Amino acid sequence: MGYVKAQSVPSLVAGTICGLLALFIGYNYTWHYAPYAALALAIVLIFMMGRRYLRTRKAMPALLIVVLSVVVAIVQVYVLLFVGLGNDSL
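Just so it is clear, the model here is predicted, and its values are computed rather than measured.

A. Looking closely at the layout of surface pockets. Roughly 750 Å³ of internal volume is contained in the largest pocket. What lines the largest pocket is a set of 28 residues, and nearest its centre among them are Gly-15, Cys-18, Leu-45, Met-49 and Ile-65. Counting residues per element, the ones that place at least two in the lining of the largest pocket are α1 (2-6), α2 (9-27), α3 (34-56) and α4 (59-83). Looking at the lining of the largest pocket, the element that brings in the most residues is α2, giving ten residues.

B. Broad picture of the packing of aromatic side chains. Enumeration over the complete set of coordinates arrives at four aromatic pairs. Plain terms: the ring middles of Trp-31 and Tyr-33 are 6.1 Å apart, the flat faces sit at 75° to each other, and that makes the pair edge-to-face. A relative accessible area of 40% means that Trp-31 is categorised as partly exposed. By relative accessible area, Tyr-33 is classed as partly exposed at 47%. Geometrically, the ring pair formed by Tyr-78 and Phe-82 is tilted, given 5.2 Å between the ring centres and 40° between the ring planes. You can see Tyr-78 and its partner Phe-82 sitting in helix α4, four residues apart, about one turn around the helix.

C. Broad picture of a nonpolar patch on the surface. Judged by side-chain polarity, Tyr-3, Val-4, Val-9, Leu-12, Val-13, Ile-17 and Leu-21 come together as a nonpolar surface patch covering roughly 600 Å² of accessible area. Broken down by secondary-structure element, the contributors of at least two residues to the nonpolar patch are α1 and α2. For the nonpolar patch, the element with the highest residue contribution is α2, accounting for five residues. Along the chain, Val-13 falls in helix α2. Taking relative accessible area as the criterion, Val-13 reaches 42% and is therefore assigned partly exposed.

D. Just unusual backbone geometry, in detail. Cis rather than trans, the peptide bond between Met-60 and Pro-61 has omega equal to -5°. As for its placement among the helices and strands, Pro-61 is situated in helix α4. In this structure, Arg-57 is a non-glycine residue whose phi angle is positive, near 60°. By relative accessible area, Arg-57 is classed as exposed at 56%.

E. Up close: the packing of α3 against α4. Between α3 and α4, the least distance of the axes is 8 Å, while the angle of their chain directions is 150°. Between α3 and α4, the angle is such that the two are roughly antiparallel. For the pair α3 and α4, the crossing hand works out as left-handed. The class makeup of the residues in the contact of α3 with α4 is 21 nonpolar, three polar and one charged.

Reading the values: the criteria
- Residues numbered from 1 in each chain as written.
- Predicted model: local features only at pLDDT ≥ 70, side-chain atom pairs only at ≥ 80, totals over all residues.
- Heavy atoms only, no water.
- 1 Å grid on protein atoms, 1.4 Å probe; cavity = no way out; pocket = protein on both sides within 12 Å on 5 of 7 lines; lining within 4 Å.
- Points joined across faces, edges and corners; volume = space filled by probe spheres on them.
- Helix = DSSP H or I, 4+ residues; strand = E, 2+ residues; numbered from the N terminus.
- Phe/Tyr/Trp six-rings, centres within 6.5 Å; stacked < 30°, edge-to-face > 60°.
- Buried < 20%, exposed > 50% of the residue type's maximum accessible area, 1.4 Å probe, protein only.
- Patch = residues over 30% accessible without salt bridge, like charges linked within 9 Å, V, L, I, M, F, W, Y side chains within 5 Å.
- Areas by Shrake-Rupley, 256 points an atom, 1.4 Å probe, with all protein chains shown as cover.
- Salt bridge = Lys/Arg side-chain N within 4 Å of Asp/Glu carboxyl O.
- Axes fitted to C-alpha atoms, helices over the stretch in contact; angles between N-to-C directions.
- Parallel < 35°, antiparallel > 145°, perpendicular 65-115°, else oblique.
- Left-handed = near helix turned anticlockwise from the far one by under 90°.
- Nonpolar A, V, L, I, M, F, W, Y, C, P; charged D, E, K, R; others polar.

Printed below as a string of structure tokens:
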């Protein structure tokens, strides 16, 4: 979205990298460290986009990404605490 609105190449690169990481983690979720990787990606996005929201006070797309990342982080913590790593029943 940052690339479309402001022709920001760093936004395009960061969005592509985060998107590809999320796709890889989702595709290989039975991988033993996938919940850790998903949690780490969510935390990075929370801090990066949270800082951006606090600086600009624009809800789109920063606040949306923060809210979705918080949901992902909560789910990953639940998986790590209650379901366990590498559980095939997911």
